[in-house]
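Residues per chain, in single letters:
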Amino acid sequence: MAELQGRPQQREFESVAPSAAETDGNWADLAAGLWHRDSAGVLLADNSSGRAPYPSFDSTAATAADTAFMTAQGAVRSDAEIVNIKTQIAAGAQDPEAALLAATRSSRVVGFGDIHGPLGPHMTLLAEEMPKLQKAGMTHLAVEIPAVYQSHIDQWTPADQEFLRVRLKDKSSLINVIDAAKKAGVTVVGVDELYGANGEKLASRDQIMARNIQKILKDENAKVGFFVGAEHLQNGFRQDSFGPSAVELLRKQQVPVTTFLQQLSSSEDSLMPIARDLKTAVSVAKGDVPAIGGLKNSAGTTYDKWDNTVFYPPHYKMEAVEAELRQFGKDPAAALTDAVASNKVVVLGEMTQAEPEEQVSAHRTFMTQQMPALKKAGLTDLAVDMPSSYQKAVDEFNRSGIWSGPLPDSYDKDDFKQMLDAARGAGIKLHAVGIQNESLATMEQIIDGLTDSVGNIAGSSPDAKVLLWCREEKMANFKDDQNRNVSVASKLMDRHTSVQAFAAFNQDFTDTSLGLVTEITPRPLTFDPSKTRLLGEVPNTYGLQMNRFDNVIVYPSPGARP
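For the structure given in this document, a descriptive report is provided here. Predicted, not measured: the structure shown is a model, and the values here were computed from it. (Residues numbered from 1 in each chain as written. Predicted model: local features only at pLDDT ≥ 70, side-chain atom pairs only at ≥ 80, totals over all residues. Heavy atoms only, no water.)

1. Some details on empty space enclosed by the protein
Next, step 1: Taken as a whole, this structure holds four cavities of 30 Å³ or more when the rule is applied.
Next, step 2: Empty space within the second largest cavity amounts to approximately 50 Å³.
Next, step 3: Around the second largest cavity, the lining residues are Val-284, Ala-285, Lys-286, Val-289, Ile-292, Gly-293, Tyr-303, Asp-304, Trp-306, Asn-308 and Thr-309.
Next, step 4: At the level of elements, β6 (282-285) and β7 (308-311) are the ones that each hand at least two residues to the lining of the second largest cavity. (1 Å grid on protein atoms, 1.4 Å probe; cavity = no way out; pocket = protein on both sides within 12 Å on 5 of 7 lines; lining within 4 Å. Points joined across faces, edges and corners; volume = space filled by probe spheres on them. Helix = DSSP H or I, 4+ residues; strand = E, 2+ residues; numbered from the N terminus.)

This is how it looks when you write it as C-alpha cells:
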C-alpha cells in the first residue's frame with residue numbers, strides 16, 4: 001500500500017478513559033439490533049428489496065407537541081407540513097441494511113457520517129453489518145484516525161486498542177467497528193492527520209483524508225467504507241472550515257461516492273419529533289424526501305448535504321428506562337440541600353464542552369436559584385475548577401462583586417457569572433482551585449490538584465462546607481491500573497472527608513441517550529444510578545455510564561411532555 005499522509009504532532013495528551021469492559025454491558029445489549037426491531041422488541045422480517053412497505057409510522061398525524069417543537073426550531077409552520085414530511089419518509093423508507101449494501105455494490109466509496117457520541121447507533125449498525133458489507137465488495141474501511149497511528153490498528157493488541165481509545169472522540173464504539181471490520185477481512189486504514197487543539201477547523205484534514213483514500217483506490221478492485229464525522233462527507237464546503245469536504249474533493253476526481261448521515265434525536269435537531277414517532281430505524285434518500293432538505297440537524301447543517309439519512313428512533317426498551325426515571329427521580333433541590341447539610345464536600349459536575357455557546361445552561365440557571373437554600377443548609381465555600389492564577393481576580397470579586405477581567409473559556413458567560421453573583425449574594429465565598437497548565441498534566445495530576453485544594457478549604461474550619469464545581473469526567477468513578485479509585489470524590493473520601501458527588505448533564509442540548517427520556521418531566525430530576533436496573537447503564541453524551549456517579553441530575557428537553 002502506498003504510504004499514507006499524516007502530519008506528526010509534538011506531544012500527545014494523556015487521559016483517563018473507561019476500558020472496553022467498563023463501557024460494554026447492558027446498554028450495548030440494548031443498542032444491538034436497534035434498526036430492525038419493532039416497538040415490542042420483535043425482529044422484523046428481512047426486506048431485501050429495501051423499499052416500502054417498510055415499518056415507519058403508526059400514524060403520520062401531527063401532535064400539538066410536535067408542531068410546537070418544530071415551529072420553535074423554525075422547521076415548520078403547520079400540522080400539514082409535518083404530515084407531509086412523515087408521508088414522504090413513509091413512502092421512501094428503506095431498511096438501512098439494504099440501503100448500505102446497495103450503495104456498497106454501486107459506489108467505490110460509501111461514507112458513513114457520524115455525529116460523534118457514545119451510543120453510536122450508526123457504529124452499532126456498521127459493526128454488525130461488516131460481514132455482509134465485505135461480501136458486497138467492501139475491501140477497506142477508512143477511519144477518522146491519524147495515519148501515524150496505523151501501526152496500532154495493524155497490531156491490534158489490547159494495549160494498542162487502549163492507546164487509540166483514549167485518543168478517540170467515540171471511545172469504545174469506534175474500537176468495536178474496527179474490530180468487526182478486521183474480523184470480517186476488511187482492511188482498516190487511518191486516513192486523518194494528527195492535529196492539535198484547534199485542528200477541528202483545519203481544511204488540510206479533508207485534503208489529506210481525500211488523498212489517502214485515493215491512494216487506496218489505485219487498486220481498481222478496492223471499495224472503501226469511510227467512517228468519519230458527518231461534515232467531512234457533506235456536499236460542498238464544510239461550514240466550519242475554509243475548504244471543501246473530503247467527499248467533495250473525491251467527487252471532483254470523479255470518484256463515485258454515496259453518503260449516509262446519522263440522524264440523532266437531540267433537542268437541537270429539527271426532526272426530533274419525527275424520529276421519536278418512528279417504529280424502527282429507516283434510511284431515506286435525499287431525492288425521496290425533499291421536505292427535510294432545508295431543515296437543520298443537531299450539528300446545525302441542513303439535511304440536503306448528504307445523499308441519505310438514517311433515522312434512529314429511541315430503542316424499544318427506552319420505555320423501561322423512562323419508567324425507572326419516573327420511579328426513582330426526585331427533587332434535586334431537596335437532594336442537594338440534604339447533601340450539603342450532611343457532608344463536608346459536595347461535588348457538582350457539568351458538561352461545559354457540550355453546551356452551544358449561544359445557549360443558556362439549564363444546570364447553571366438551576367444552581368443560581370438554589371444558592372440561598374444551600375447557604376441556609378450550611379454551604380460556606382464555592383470552589384470552581386479554574387486555574388489558580390485567577391485567585392487574585394476571585395479575591396477582588398469576593399470583596400467588590402466586580403471581575404477585573406474575563407473568566408476562562410466556557411465560564412466567561414452570563415449564566416455562569418449570574419451563578420457566581422448569586423453565591424456571593426448569599427454569603428458564599430468563591431475560590432479558584434484548578435491547576436495551572438492543565439493541558440500539560442495527566443488526568444490524575446489534575447484530580448490530585450483539585451483534591452488538595454478542596455481538602456484544604458474543607459479542613460480550614462470545623463464549620464466549612466464546600467461545593468466543588470468541575471467538569472463531569474473529573475468526578476466520575478474510574479479505577480487506575482492498580483485498581484485504585486480515581487476521582488475527586490474518592491480521593492477526598494480517602495482523606496476521610498465526607499463527600500457526595502452529583503453529576504449534571506445538560507441533556508436538553510446534545511445528549512443522544514437520555515435526550516428524549518427527559519421529555520417525560522417539565523422539571524429537573526435527580527436519581528441514584530445504583531438503585532436502577534437499566535438507567536444506570538445508560539451512557540451520557542461523552543460515553544460515561546450513569547452508574548459512574550453517586551447521583552445524576554437530568555434536565556427536561558425544550559417542549560417536554562407534561
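2. Considerations on the packing of helix α16 (residues 391-400) against helix α17 (residues 414-425)
Next, step 1: Relative to each other, α16 and α17 sit at 55°, their axes nearing to 10 Å. Taken together, the axes of α16 and α17 are oblique relative to one another. For the pair α16 and α17, the crossing hand works out as right-handed. Where α16 abuts α17, its residues Phe-397, Asn-398, Arg-399 and Ser-400 lie against Leu-420, Asp-421 and Arg-424. (Axes fitted to C-alpha atoms, helices over the stretch in contact; angles between N-to-C directions. Parallel < 35°, antiparallel > 145°, perpendicular 65-115°, else oblique. Left-handed = near helix turned anticlockwise from the far one by under 90°. Contact = heavy atoms within 4.5 Å.)

3. What about the pattern of salt bridges?
Next, step 1: A full pass over the atoms with the stated rule returns 14 salt bridges.
Next, step 2: Between Lys-417 and Asp-412 there is a salt bridge, with its nearest N and O atoms 3.1 Å apart.
Next, step 3: Since its relative accessible area comes to 32%, Asp-412 is described here as partly exposed.
Next, step 4: A salt bridge links Lys-413 to Asp-415, with the nearest nitrogen and oxygen atoms 3.9 Å apart.
Next, step 5: Judged by its relative accessible area of 5%, Asp-415 is buried. (Salt bridge = Lys/Arg side-chain N within 4 Å of Asp/Glu carboxyl O. Buried < 20%, exposed > 50% of the residue type's maximum accessible area, 1.4 Å probe, protein only.)

4. A closer look at the packing of helix α14 (residues 332-342) against helix α15 (residues 362-376)
Next, step 1: Running from N to C, α14 and α15 point in directions that differ by 45°, and their axes come no closer than 10 Å. The angle between α14 and α15 falls in the class oblique. For the crossing formed where α14 meets α15, the hand is right-handed. Between α14 and α15, the residues in contact are Pro-332, Ala-333, Leu-336, Thr-337 and Val-340 and Phe-366, Met-367, Gln-370, Ala-373 and Leu-374, respectively.

5. A few points about unusual backbone geometry
Next, step 1: For Trp-156, which is not a glycine, the phi torsion comes out positive at approximately 55°.
Next, step 2: If you trace the backbone, Trp-156 turns up in the loop between α7 (150-155) and α8 (158-165).
Next, step 3: With a phi close to 65°, His-496 is a non-glycine residue in the positive phi region.
Next, step 4: Summarising the element assignment, His-496 is placed in the loop between α19 (488-494) and β14 (499-505).
Next, step 5: Overall, His-496 belongs to the exposed group, its relative accessible area being 76%.

6. Notes on the nonpolar core
Next, step 1: Formed by 44 residues in total, the largest nonpolar core has its most connected members in Met-70, Ile-85, Ile-89, Phe-226, Leu-271 and Phe-311.
Next, step 2: In contact with Ile-89, not counting residues within four places along its chain, are Phe-57, Ile-274, Leu-278, Val-282, Val-284, Val-289 and Phe-311.
Next, step 3: Counting residues in hydrophobic clusters, the runner-up holds 38 residues, among them Phe-112, Met-130, Leu-174 and Ala-184. (Core = buried A, V, L, I, M, F, W, Y, C linked by side-chain atoms within 4.5 Å.)

7. Thoughts on helix α5 (residues 96-106)
Next, step 1: Most of α5 sits inside the fold, with eight of its 11 residues counted as buried.
Next, step 2: Each element contacted by the buried residues of α5 is listed here: β1 (109-114), α6 (121-135), β5 (257-263), β6 and β7.
Next, step 3: If you check the start of α5, you find a side-chain oxygen 3.0 Å away from the backbone N of Glu-97, and it comes from Asp-95. (Polar contact = N/O pair within 3.5 Å; in protein donor to acceptor, adjacent residues only side chain to side chain.)

Scope: geometric values only; no functional claims are made or implied.
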